[in-house]
Structures are given as C-alpha cells and as structure tokens.
Amino acid sequence: MVIRIAAVGDVHMDEDVVGRFRPALDELPRHAEALLLAGDLTRHGTESEARCVAREFGGLGVPVVTVLGNHEYQCDQVPQVVKVLEDAGITVLEGDGVVLECTGGRLGIAGVKGFGGGFAGRCASDFGEPEMKAFVRTTTESADALGAALRGLDCDVLVALTHYSPVPDTLAGEPLEIYPFLGSYQLGQAIDSAPTALALHGHAHHGSERGTTPGGVRVRNVAHPVIKQAYSVFELGDHVD
C-alpha cells in the first residue's frame, strides 16, 4: 500500500499573499492524504499573519501538520501564532509527533523547528563562551527531541519534519559561509536513529531539492522558492519519489 503526502515550506504568508496557493490546495485531496508545512509560514511571526496562514491552509479536507520556522519567532508572538493555527485545525509539532490513519497505513510524523550549528567537519562546538555553548545546546536539545519523537511513534511509515536542514546536500546553491545557520548534522543523526522513510525541511531558499542522510534516509527541501509550486507530492511505502 502507498501513502501520498504533500509538502511545502517557506510560504511567508501575509495579506498580499492570501489566495496564491488556494486554487492548488483545493485540489489537494485528489493527490494526497495529508499536507506537511516545513515552517516559515509567516513573514514576521505576527498573530495577524498567522490568521492569513489559517485562511489559506485551513479547511483543506486533509490533515495539515506543521513545524514553525525562524520567521515565526521574530515578533515574540509564538503562543498566539500557535493558537491561531491550532484553532484552524492545523497540528503544530515541536519535539513531538502525530500518527494519521491513511488508506495505505498509519503515517507517523515527528517534527521540530531545529536550529543551526553546521555539519561534520565544519560545525560549532559546545566550548568556550556561554553564548556559543547556548547556541550548540539549543541544536542538541532540538535534535534530541526529534530523535525521541521519531523513535516513540507507533506507525507503518515514518516522516521527519523540520525547518532547518539535516544535511548539507540540500543546501547546495547557498553560500558556504551561511551553512552553519541553515542546519545541523545533529538533526541528521536524529533522523537516522529511527526507521525514517523521508525527511522534509525548508529554510534554504537557494538550496537544492534532494539529499540523503549518512544513514541513507531521503531528504527533500520543500521550500517554496526551491520547488516553485504550491506543494510537492511524495509516495511512501515501497519507494519514495
């Protein structure tokens, strides 16, 4: 059996964007059984922008699951943003997971925003100034939460959803100097700690679409500027497109 899911990230909603995605979203139930949003739903993380997200992505006829992105933290209104999204029926994950009953089986989704830090051989370390140690510990805590959530789900197919990238592959096209601010190898380790079928992220607007974790899990960058469509559809089961 096959489970089809749709995904997009970095839609950066505001009043002037409302309606851009809706025609394609109205067709979504014909193509997928769930929609996953990879963060940066808003421009500045305001409650009013969250209401735009709710109007655009609420009431689609399929479950919608999201993580927040760095933009959702800009105006320090995270609790208000989360409430607006949840009131619209959108599930917001941060260090936890959800299992959806699909026609092809039970789909498990574990999610965190994630954080930066860099990748093997070129990464920050938990050493030195308290500011640097706090930076790295934020990444470690986020990755640990993702790994625990993935390993704790009882499902047939497992998906990891983050905003920050778990691998450098999908950052190709971005300046090397900013890789440490786009993702972390620790997220990749968390994904590899469970039988994950697919990992989805956003954040890297100038990155590449496809990558793989060291453990062989397929990674897809679904940032809207990368996929250049309302959403991408993935088949999970015997194979992953």
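Summarised in this report is the structure supplied together with it. Model, not experiment: these values are computed from the prediction. (Residues numbered from 1 in each chain as written. Predicted model: local features only at pLDDT ≥ 70, side-chain atom pairs only at ≥ 80, totals over all residues. Heavy atoms only, no water.)

## Some words on the sheet that holds strand β13 (residues 232-236)
Strand order in the open sheet formed by five strands is β4-β3-β2-β1-β13, and the pairing between neighbours is mixed. Two strands close off the open sheet at either side, each with one partner strand: β4 (90-92) and β13. Taken over all neighbouring pairs, the strand axes of this sheet differ in orientation by 25 degrees on average, direction set aside. As paired elements, strand β3 (residues 64-67) and β4 share three bridges and run parallel to each other. (Pairing = 2+ DSSP bridges. Helix = DSSP H or I, 4+ residues; strand = E, 2+ residues; numbered from the N terminus. Axes fitted to C-alpha atoms, helices over the stretch in contact; angles between N-to-C directions.)

## A few points about the layout of surface pockets
Its volume calculated, the largest pocket comes out at about 170 Å³. Lining the largest pocket are Gly-118, Phe-119, Ala-120, Arg-122, Pro-168, Leu-176, Tyr-179 and Pro-180. Tallied by class, the residues present in the lining of the largest pocket amount to six nonpolar, one polar and one charged. (1 Å grid on protein atoms, 1.4 Å probe; cavity = no way out; pocket = protein on both sides within 12 Å on 5 of 7 lines; lining within 4 Å. Points joined across faces, edges and corners; volume = space filled by probe spheres on them. Nonpolar A, V, L, I, M, F, W, Y, C, P; charged D, E, K, R; others polar.)

## With respect to the pattern of salt bridges
Counted according to the given criterion, the structure contains eleven salt bridges. Of the charged contacts, one joins Asp-154 and Arg-106 as a salt bridge, the two residues approaching to 3.3 Å between their closest N and O atoms. Of the two residues, Asp-154 is situated in the loop between α4 (130-152) and β9 (157-162) and Arg-106 in strand β6 (residues 105-112); the sequence distance between them amounts to 48 residues. On the basis of relative accessibility, which here comes to 56%, the residue Asp-154 falls in the exposed class. Judged by relative accessible area, Arg-106 falls into the partly exposed class, the value being 26%. The shortest N-O distance in the salt bridge between Asp-126 and Arg-137 comes to 3.1 Å. (Salt bridge = Lys/Arg side-chain N within 4 Å of Asp/Glu carboxyl O. Buried < 20%, exposed > 50% of the residue type's maximum accessible area, 1.4 Å probe, protein only.)

## Concerning the nonpolar core
Judged by nonpolar contacts, the single largest core of 31 residues is most densely connected at Met-13, Phe-21, Leu-28, Leu-35, Phe-57, Leu-85 and Tyr-231. Residue contacts for Leu-85: discarding those within four places in its chain leaves Leu-41, Ala-50, Val-53, Thr-66, Leu-68, Ile-90 and Val-92. Ranked by size, the runner-up nonpolar core spans 22 residues in total, among them Ala-7, Ala-38, Val-98 and Val-159. (Core = buried A, V, L, I, M, F, W, Y, C linked by side-chain atoms within 4.5 Å. Contact = heavy atoms within 4.5 Å.)

## As for the pairing of β6
For β6, the buried fraction is high: seven of the eight residues fall into the buried class. In this sheet, β6 lies alongside strand β5 (residues 96-102) in antiparallel orientation, the contact comprising seven bridges. Bridge pairing in β6 links Leu-100 to Leu-107. Turn length for the β5-β6 hairpin, with the two strands adjacent in sequence and antiparallel, is two residues.

## A short note on the sheet that holds β5
Here six strands make up an open sheet; going across it, the order is β5-β6-β9-β10-β12-β11 and the pairing mixed. With partners counted over all chains shown, the strands left at the sheet margins are β5 and β11 (210-212), one partner each. Averaged over all pairs of adjacent strands, the angle between strand axes in this sheet comes to 25 degrees, irrespective of strand direction. Pairing geometry for β9 and strand β10 (residues 198-201), over three bridges, is parallel. Bridge pairing in β10 links Ala-160 to Ala-199. The sheet strands contacting α4 are β5, β6 and β9, and the helix crosses β6 at an angle near 170 degrees.

## Examining the side chain of Ser-232
Summarising the element assignment, Ser-232 is placed in strand β13. A distance of 3.1 Å separates polar atoms of two side chains, one belonging to Ser-232 and the other to Gln-229. Ignoring any residue separated from it by four or fewer positions in sequence, one finds Ser-232 in contact with Ile-5, Ala-6, Ala-7, Glu-209 and Ile-227. (Polar contact = N/O pair within 3.5 Å; in protein donor to acceptor, adjacent residues only side chain to side chain.)

## Here's the deal with the packing of α4 against helix α5 (residues 185-192)
Running from N to C, α4 and α5 cross one another at 15 degrees; their axes reach a closest spacing of 8 Å. Looking at the two axes, α4 sits roughly parallel to α5. You can see that α4 and α5 cross each other, and the crossing is right-handed. Between α4 and α5, the residues in contact are Val-136, Thr-139, Thr-140, Ser-142, Ala-143, Leu-146, Gly-147 and Leu-150 and Gln-186, Leu-187, Ala-190 and Ile-191, respectively. (Parallel < 35°, antiparallel > 145°, perpendicular 65-115°, else oblique. Left-handed = near helix turned anticlockwise from the far one by under 90°.)

Geometry only, nothing functional implied.
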